[in-house]
Amino acid sequence: MNAQETAPQVETQGLPLPTADMSGDDLFRLGMMYSSGQGGCPMDRVSAHMIFNLAAMKGSIEARVYRREMSQEMEQDEIAEAQKAARRWIDAGVVSLAA
């Protein structure tokens, strides 16, 4: 099950997920875990792209670079899914973009 499928309102089974107190750098590290399948995360490009997107919105330059690189390896529907998932996290207030 992908992180975006678990949706912000559903408790997951031990998967590390974005939280409101995470910095851009914290989110970048989490995105790296999903992009490589490490740290208890499944390898999941859509979730990694989503988290890199959130990290970039919180100021992570590295996340912008990795998000762009990942986008080149993904289908357009995967990218759209990742962007929708990021919006759900923001709309649910789980990830706060306020400084």
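See above for the structure.
Residue positions within a chain follow its written sequence, with the count starting from 1. Where totals are concerned, whole chains, interfaces and linings use all residues; where local detail is concerned, this predicted model gives features only for residues with pLDDT of at least 70, and gives and counts side-chain atom pairs only at 80 or more. The basis for every side-chain value is the complete set of non-hydrogen atoms in the structure, without hydrogens or water.

**Notes on the overall build of the protein**
Put simply, DSSP marks the helices as runs of H or I at least four residues long and the strands as runs of E at least two long, and each gets a number from the N terminus on. Check the secondary structure of the protein and you find 5 helices and 0 strands. Taken from the N to the C terminus, the helices and strands of the protein come in the order α-α-α-α-α. Buried residues are those whose accessible area, probed at 1.4 Å on protein chains only, stays under 20% of the maximum for their type, while exposed residues exceed 50% and partly exposed ones sit between those limits. By residue count, 41% of the 99 residues in the protein fall in the buried class. Pairs of residues are marked as contacts when any of their non-hydrogen atoms sit within 4.5 Å. Expressed as a percentage of contacts within the protein between residues at least 6 apart in sequence, the contacts between residues at least 24 apart total 63%.

**Some points on the packing of aromatic side chains**
The aromatic pairing rule takes the rings of Phe, Tyr and Trp, using the six-membered ring of Trp, and pairs them if the centres are within 6.5 Å, calling planes under 30 degrees apart stacked, those over 60 edge-to-face and the rest tilted. This structure, assessed with the given rule, holds 3 aromatic pairs. A ring pair is formed by Phe28 and Tyr66, whose centres lie 5.3 Å apart and whose planes are at 65°; its orientation type is edge-to-face. Placement of the pair is Phe28 in helix α2 (residues 24–36) and Tyr66 in helix α4 (residues 61–71), with a sequence separation of 38 residues. You can call Tyr66 partly exposed: its relative accessible area is 33%. Aromatic side chains Phe52 and Tyr66 sit 5.8 Å apart centroid to centroid with 45° between the ring planes, which places their arrangement in the tilted category. Here Phe52 is found in helix α3 (residues 45–57), whereas its partner Tyr66 is found in helix α4, with 14 residues between them in sequence. Taking relative accessible area as the criterion, Phe52 reaches 0% and is therefore assigned buried.

**Looking at the pattern of salt bridges**
Salt bridges are defined as contacts in which a side-chain nitrogen from Lys or Arg sits within 4 Å of a carboxyl oxygen from Asp or Glu. The tally for this structure, following the rule as stated, stands at 2 salt bridges. Between Arg29 and Asp26 there is a salt bridge whose closest N-O contact spans 2.6 Å. Taken together, the positions of Arg29 and Asp26, both in helix α2 and 3 residues apart, correspond to about one turn of that helix. On the basis of relative accessibility, which here comes to 47%, the residue Arg29 falls in the partly exposed class. Between Glu78 and Arg45 there is a salt bridge; the shortest N-O distance is 2.9 Å. Of the two residues, Glu78 is situated in helix α5 (residues 76–91) and Arg45 in helix α3; the sequence distance between them amounts to 33 residues.

**Notes on the side chain of Ser47**
Here Ser47 shows up in helix α3. Polar contacts involving the side chain of Ser47 include one to the side chain of Asp44, which spans 2.7 Å. Within 3.5 Å is the distance limit for a polar contact, defined as a pair of N or O atoms, with the added protein rule that one can donate a hydrogen and the other accept it, and that residues adjacent in sequence qualify only through two side-chain atoms.

That is the geometry; function is a separate question.
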